[in-house]
Amino acid sequence: MLTALAISWLTIAAGLAAKTPESAGILGVPLMLLPFLSSAFAPADKMGPGARQFAEYQPFTPIIETLRGFLTGTPSAGTAITAIAWCAGLTLIGYLWARATFTKRA
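What counts and how
Residues numbered from 1 in each chain as written. Predicted model: local features only at pLDDT ≥ 70, side-chain atom pairs only at ≥ 80, totals over all residues. Heavy atoms only, no water. Helix = DSSP H or I, 4+ residues; strand = E, 2+ residues; numbered from the N terminus. Buried < 20%, exposed > 50% of the residue type's maximum accessible area, 1.4 Å probe, protein only. Contact = heavy atoms within 4.5 Å. Areas by Shrake-Rupley, 256 points an atom, 1.4 Å probe, with all protein chains shown as cover. Lys, Arg positive; Asp, Glu negative; His and termini not counted. Charge placed at Lys NZ, Arg CZ, Asp CG, Glu CD. Salt bridge = Lys/Arg side-chain N within 4 Å of Asp/Glu carboxyl O. Expected span 1.5 Å × (residues − 1). Polar contact = N/O pair within 3.5 Å; in protein donor to acceptor, adjacent residues only side chain to side chain.

Quick word on the overall build of the protein chain
Here comes step 1: The number of helices and strands found in the protein chain is six helices and zero strands.
Here comes step 2: When the helices and strands of the protein chain are placed in sequence order, the string is α-α-α-α-α-α.
Here comes step 3: Principal axes of the C-alpha set define a box for the protein chain whose edges measure 50 × 25 × 20 Å.
Here comes step 4: Buried positions account for 26% of the 106 residues belonging to the protein chain.
Here comes step 5: Within the protein chain, contacts between residues separated by at least 24 positions form 60% of all contacts whose residues are at least 6 apart in sequence.
Here comes step 6: Roughly 7000 Å² of accessible area belongs to the protein chain as shown, and the carbon and sulfur atoms make up 73% of that amount.
Here comes step 7: Here the protein chain holds 7 positive side-chain charges and 4 negative ones, and the gap between their average locations is 12 Å.

In structure tokens:
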């Protein structure tokens with residue numbers, strides 16, 4: 001739920017900042033690509049140096065690792081805290097961006 005909330009605020013802010021409906025739709029594409037560049041399909045330690053570094057330091061890797069831990073019965077507090085922090089930070093950024101954009105237009 002936290003991930004959906006964070007992505008929702010980011011896409012709301014991007015939609016408010018867009019000048020046309022077409023550009024509003026395309027602004028969400030980078031968010032849709034991030035799970036494919038995380039450890040969702042392959043462990044980060046098996047990736048090449050550049051891909052591994054990107055996968056380790058992007059928001060979806062700790063979120064996916066936390067969910068994987070819960071589903072396998074081996075949750076990790078470290079990845080859960082990191083995932084919650086990423087979700088809270090992205091939600092705050094999206095909210096502040098949407099607020100600033102809406103205030104500027106009003």
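Topic: the pattern of salt bridges
Here comes step 1: What the rule picks out here adds up to one salt bridge.
Here comes step 2: Linking R68 and E65 is a salt bridge whose minimum nitrogen-to-oxygen distance equals 2.9 Å. Here E65 and R68 lie together in helix 5 (residues 60-72), a separation of three residues that amounts to about one turn.

Re helix 5
Here comes step 1: For helix 5, with 13 residues, the first-to-last C-alpha span of 18 Å sits near the 18 Å given by 1.5 Å per residue.
Here comes step 2: Those residues of helix 5 that sit buried are F60, T61, P62, I63, I64, T66 and G69.
Here comes step 3: Where the residues of helix 5 are buried, they touch helix 1 (2-17), helix 3 (29-33), helix 4 (49-56) and helix 6 (77-105).
Here comes step 4: G73, located one to two residues past helix 5, shows a positive phi value of around 85°.

Concerning the side chain of Q58
Here comes step 1: Here Q58 is to be found in the loop between helix 4 and helix 5.
Here comes step 2: Using a relative accessible area of 3% as the deciding quantity, one classes Q58 as buried.
Here comes step 3: Among the polar contacts listed, one links the side chain of Q58 to the backbone oxygen of L34, at a separation of 2.9 Å.
Here comes step 4: A polar contact is formed between the side chain of Q58 and the backbone nitrogen of F60, at a distance of 3.2 Å.
Here comes step 5: In this structure Q58 touches L34, L37, S38 and W86, once residues within four positions along its chain are discounted.

What about the side chain of T91?
Here comes step 1: You can see T91 is positioned in helix 6.
Here comes step 2: Once residues lying within four places of it in the same chain are set aside, the contact partners of T91 are L2, L5, A6 and W9.

Some details on the environment of A80
Here comes step 1: Relative to the helices and strands, A80 resides in helix 6.
Here comes step 2: In this structure A80 comes out as buried when scored by relative accessible area, which is 15%.
Here comes step 3: The spatial distance from the C-alpha of A80 to the C-alpha of G69 is 9.2 Å, given a sequence separation of eleven residues.

Just geometry here; none of it tells us what the structure is for.
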